[in-house]
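The lines below spell out each chain.
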Amino acid sequence: SINSDPTQTLGYKMLALVLTSMGRNVEAIQAWRDFLKVTPEDLDGMSSLSSLLAQQKRYTEAVPLLESMIKLQPLISSLRVRLARAYLSSGEEDKGVGLLEDTAQDRPDVSILNDVAYELADANQKLPDALKYAEDAVHQTEVASKKTQLSDLTAEGLNVTRELSTFWDTLGWVHFRLGHYDKAESYVRAAWLLSQQGTIGDHLDQIRRRVASLDHGRSAPSSAEPDRVDDLSELRMTKLSRLIPGTGNAEFFLLVAPHARIEDAKFISGDDNLKDASKMILAAKIRDTFPEGS
């Protein structure tokens, strides 16, 4: 235990993890600090503590931890983005913007490029650069998505779909900051229809409120619209003609193209008498989940 031997790091770490899982963040922060006193260069400890401090908006305290982590692992781009976010949030805008620009110039993978664009947009900094990075990330990911085939589907292929929703949201958010509201709504609405993440829903709501406030001739979305942010059940449902007598369950992968086209459907698991439902699914009417021109 900690009391019997304060030099044993496992006790501090277990206490910190338990407090974190319970949402007792203030106590967890102290536990991680105690842990790092014994093992000051533990990357897991520094990462956990810096994340908790950021959640508490104590960015100034998170900065030295992230700086120390980068000294130990200078090639990890995600750490540089986290440090840049802490700089921006603690008022050191020049440092934050500079670090993000340097990270983007290092030709990172599309995920980091997207993160750089998002942080710049969120801070309302270097928006033309943010637009370039976001468009690049979206373009690369859309090109990759064209290669997806259900007959040879991989985990990487599935991840492209998850990335698209995130990257479309980022590009839409950059357009919002630039005042391109039609493009902003097109991308963020598509991202919302694809993933329904809370942050994306918040972005869509902000865009629509701004449009409504600027153009009194165009009303805000009414409660009857099927894609309003809180009407999740409607968004997740497509009605088909009856497939079989009685009830049944099955899972399919769908390959969806622009203009609400289902190009392919593949049975994955479920009731055997639903294996032949692909033809009916291919004819189903779905919402177009792509941004305009994508």
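Look up: the structure comes first, before these words.
Conventions we followed
- Residues numbered from 1 in each chain as written.
- Predicted model: local features only at pLDDT ≥ 70, side-chain atom pairs only at ≥ 80, totals over all residues.
- Heavy atoms only, no water.
- Helix = DSSP H or I, 4+ residues; strand = E, 2+ residues; numbered from the N terminus.
- Contact = heavy atoms within 4.5 Å.
- Salt bridge = Lys/Arg side-chain N within 4 Å of Asp/Glu carboxyl O.
- Buried < 20%, exposed > 50% of the residue type's maximum accessible area, 1.4 Å probe, protein only.
- Expected span 1.5 Å × (residues − 1).
- Phe/Tyr/Trp six-rings, centres within 6.5 Å; stacked < 30°, edge-to-face > 60°.
- Axes fitted to C-alpha atoms, helices over the stretch in contact; angles between N-to-C directions.
- Parallel < 35°, antiparallel > 145°, perpendicular 65-115°, else oblique.
- Left-handed = near helix turned anticlockwise from the far one by under 90°.
- Nonpolar A, V, L, I, M, F, W, Y, C, P; charged D, E, K, R; others polar.
- Pairing = 2+ DSSP bridges.

### Digging into the overall build of the protein chain
Argument step 1. Secondary structure summary: the protein chain contains 13 helices and 2 strands in total.
Argument step 2. Along the three orthogonal principal directions, the C-alpha set of the protein chain runs to about 70 × 50 × 40 Å.
Argument step 3. Here the analysis covers contacts within the protein chain between residues at least 6 apart in sequence; of these, 51% occur between residues at least 24 apart.

### Overview of the pattern of salt bridges
Argument step 1. If you walk through the whole model with that rule in mind, you get 12 salt bridges.
Argument step 2. The salt bridge partner of Arg80 is Asp106, with a shortest N-O separation of 2.7 Å. One end of the pair, Arg80, is in helix H5 (residues 77-89); the other, Asp106, is in the loop between helix H6 (93-105) and helix H7 (110-122), with 26 residues separating them in the sequence.
Argument step 3. In this structure Asp106 comes out as partly exposed when scored by relative accessible area, which is 46%.
Argument step 4. Its salt-bridge partner being Arg208, residue Glu185 comes within 3.1 Å of it at the nearest N-O pair. In this pair, Glu185 is assigned in helix H10 (residues 181-195) and Arg208 in helix H11 (residues 198-214), connecting sequence segments 23 residues apart.
Argument step 5. One salt-bridge network, held together by shared partners, links Arg33, Arg58 and Glu61.

### Re helix H4 (residues 59-72)
Argument step 1. When the terminal C-alpha atoms of H4 are compared, their 20 Å separation across 14 residues agrees well with the 20 Å that a helix rising 1.5 Å per residue should span.
Argument step 2. The complete set of buried residues in H4 reads Tyr59, Ala62, Val63, Leu65, Leu66, Met69 and Ile70.
Argument step 3. Contacts made by the buried residues of H4 are with helix H2 (25-38), helix H3 (43-55) and H5.

### As for the side chain of Ser50
Argument step 1. With respect to the helices, strands and loops of the structure, Ser50 is situated in helix H3.
Argument step 2. Contacts of Ser50, omitting those with residues within four sequence positions, involve Ala62, Leu65, Leu66, Met69 and Arg82.

### Considering the packing of aromatic side chains
Argument step 1. Applying the stated rule across the entire model yields 5 aromatic pairs.
Argument step 2. Here a set of aromatic residues connected by ring pairs shows up, and it is made of Trp173, Phe176 and Tyr181.

### Focus on the packing of H2 against H3
Argument step 1. The contact between H2 and H3 brings their axes to 10 Å, and the two run at 150°. Judged by the angle between their axes, H2 and H3 are roughly antiparallel. Where H2 crosses over H3, the two elements pack in a sense that is left-handed. From H2, Asn25, Ala28, Ile29, Trp32, Arg33, Phe35 and Leu36 reach across to H3, where they touch Gly45, Met46, Ser48, Leu49, Leu52, Leu53 and Gln55.

### Overview of the packing of helix H8 (residues 127-145) against helix H9 (residues 155-178)
Argument step 1. Their axes nearest at 9 Å, the elements H8 and H9 cross at an angle of 155°. What the angle tells us is that H8 and H9 run roughly antiparallel. Of the two possible hands of crossing, H8 and H9 adopt the one that is left-handed. The residues of H9 that touch H8, namely those facing Leu127, Ala130, Leu131, Ala134, Glu135, Ala137, Val138, Thr141, Glu142, Ala144 and Ser145, are Val160, Glu163, Leu164, Phe167, Trp168, Thr170, Leu171, Val174, His175, Arg177 and Leu178.
Argument step 2. Split into classes, the residues belonging to the contact of H8 with H9 amount to 14 nonpolar, 4 polar and 4 charged.

### Quick look at the pairing of strand S2 (residues 261-270)
Argument step 1. Relative to S2, strand S1 (residues 250-257) is paired through 8 bridges, and the arrangement is antiparallel. Within S2, the residue paired with Val256 across the bridge is Ile262.
Argument step 2. Taken together, S1 and the strand that follows it, S2, pair antiparallel across an intervening segment of 3 residues, in which His259 is found at a positive phi of about 65°.

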